[in-house]
Amino acid sequence: MQHNQDSKFEETFLPMTSIGSGVGIAVLPDIYCYTDQIVNLVLVGNPNESEDFVLIDTGMPKSADEIKEMVEERFGEGAKPKAIVLTHGHFDHVGSVAELLEEWKIPVYAHELEIPYLTGQQDYPPGDPNVASGLVAKMSPMFPNHGIDISANVHVLPADGTIPNMPNWMWIHTPGHTPGHISLFREQDRTLIAGDAFVTVKQESLYKVMTQTQEISGPPKYYTTDWDAAFESVKKLETLKPQVAVTGHGLPMSGGELAENLTYLVEHFDEIGRPDSGKYVN
Ligand SMILES: [Zn+2]
Ligand SMILES: [Zn+2]
């Protein structure tokens, strides 16, 4: 489901899509994972039980209409989330947030260390093409790295770990990929929304992104700036023993497969997580 877009951004941007683009999966009755081109967003809320739900991340730029359509398909005409929670501020996770807010006028929550990138005060370092051989990594310097400005709507997540409008959920600081990266965890059924702390597709490889080949990986390499912190974050998530994980890229993973892969990632982080070289490696 490739959308024709005419923004300046698209002119310098290679067509990015995957076989899963435009497809949603109800991972659990109240967890709906939707793939927008190459990135996942999640609706948390059970449409059969309540009208209340929260949107985690906001997909690629220029996807607002597609996202609103997806939301209305699941929660009914005119439905809008109670809030948006951002795992971090990279362009593929905040791409449509400003446009969505024009209509929705709802609060957005993010970690305090991510706020400078969401209020126009700071830009991310550019993507590093040298971390991996994949085409997506080579393309990464062309990705937008500028911070956005949603200062009118963005709020710092509560310091006690709770998440407004998401009872039973806690946010967990999982820095490394970005300074204020968070993951979301629900202990009662051990459901994890990991963001880009780890992903289930080798995001550097265009072929694997397009085919959504399942393969556990550390955070997308071209963007990650603090590898020691990224490793600590993966270890932190592994100790939670998640039963289901929805990651920022790739298909959801669960059960024994998830446990095995996550343990493997922790034990082999230097081989499969951390790049051998690159400007953010040392
Ligand atoms: Zn990211
Ligand atoms: Zn991402």
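Residues numbered from 1 in each chain as written. Chains lettered and ligands numbered in written order. Predicted model: local features only at pLDDT ≥ 70, side-chain atom pairs only at ≥ 80, totals over all residues. Heavy atoms only, no water.

S.K.: Quick question: what am I supposed to make of the side chain of Asp92 here?
M.R.: Looking at the element boundaries, Asp92 is found in helix H3 (residues 91-94). For the buried Asp92, no salt bridge exists, and the shortest N-O distance to an oppositely charged side chain is 15 Å, to Lys221. Within the local environment of Asp92, its side chain forms a polar contact with the side chain of His249, the two groups lying 3.3 Å apart. Filtering out sequence-adjacent residues up to four positions away, Asp92 remains in contact with Val39, Gly59, Met60 and His249. (Helix = DSSP H or I, 4+ residues; strand = E, 2+ residues; numbered from the N terminus. Buried < 20%, exposed > 50% of the residue type's maximum accessible area, 1.4 Å probe, protein only. Lys, Arg positive; Asp, Glu negative; His and termini not counted. Salt bridge = Lys/Arg side-chain N within 4 Å of Asp/Glu carboxyl O. Polar contact = N/O pair within 3.5 Å; in protein donor to acceptor, adjacent residues only side chain to side chain. Contact = heavy atoms within 4.5 Å.)

S.K.: Could you clarify how one ought to interpret the pairing of strand S1 (residues 24-28) in this entry?
M.R.: Consecutive side chains of a regular strand alternate in pointing toward one face of the sheet and then the other. Pairing of S1 with strand S2 (residues 31-36) involves 4 bridges; the strand directions are antiparallel. Along S2, the bridge assignment pairs Ile25 with Cys33. Here S1 folds back onto S2 in antiparallel fashion, the turn holding 2 residues. (Pairing = 2+ DSSP bridges.)

S.K.: What is the right way to read the coordination of the zinc ion (ligand 1) from this model?
M.R.: Under perfect tetrahedral coordination by four donors, a metal shows angles of 109.5 degrees; under perfect octahedral coordination by six donors, it shows angles of 90 or 180 degrees. The zinc ion (ligand 1) binds to the protein through His88 (NE2), His90 (ND1), His177 (NE2) and Asp196 (OD), with metal-donor distances spanning 2.1 to 2.4 Å. If you look at the zinc ion (ligand 1), its 4 donor atoms make angles of 89 to 178° with each other, and the shape they trace is irregular. Ordering the donors of the zinc ion (ligand 1) by residue number gives the pattern H-x1-H-x86-H-x18-D. The metal-metal distance between the zinc ion (ligand 1) and the zinc ion (ligand 2) comes to 3.2 Å, with Asp196 coordinating both. With His90 in the loop between strand S5 (83-85) and H3 and His177 in the loop between strand S8 (169-173) and strand S9 (182-186), this pair connects stretches of sequence that are 87 residues apart. Overall, His90 belongs to the buried group, its relative accessible area being 2%. (Donors = N, O, S within 2.8 Å, 3.2 Å for Na, K, Ca; no water. Tetrahedral: all angles 85-135°; square planar, octahedral: opposite > 155°, others 65-115°.)

S.K.: What should I look at first to understand the side chain of Thr174 in this one?
M.R.: Along the polypeptide, Thr174 turns up in the loop between S8 and S9. Setting aside anything within four residues of it in sequence, one finds Thr174 in contact with His181, Ile182, Ser183, Ala197, Ser233 and Leu237.

S.K.: How should the coordination of the zinc ion (ligand 2) be read in this particular structure?
M.R.: Protein coordination at the zinc ion (ligand 2) comes from His93 (NE2), Asp196 (OD) and His249 (NE2), with a distance range of 2.1 Å. Taken in chain order, the donor set of the zinc ion (ligand 2) reads H-x102-D-x52-H.

S.K.: Before we go on, may I ask you to explain the packing of helix H8 (residues 227-239) against helix H9 (residues 255-267) in this structure?
M.R.: The geometry of a pair of packed helices is captured by two quantities: the angle between their axes and the separation between those axes. For the pair H8 and H9, interaxial distance at closest approach is 10 Å and the crossing angle is 150°. H8 and H9 meet at a crossing whose hand is left-handed. Touching Phe231, Val234, Lys235, Leu237 and Glu238 of H8 are Leu262, Thr263, Leu265 and Val266, all from H9. The residue inventory of the contact of H8 with H9, partitioned by class, reads 6 nonpolar, 1 polar and 2 charged. (Axes fitted to C-alpha atoms, helices over the stretch in contact; angles between N-to-C directions. Left-handed = near helix turned anticlockwise from the far one by under 90°. Nonpolar A, V, L, I, M, F, W, Y, C, P; charged D, E, K, R; others polar.)

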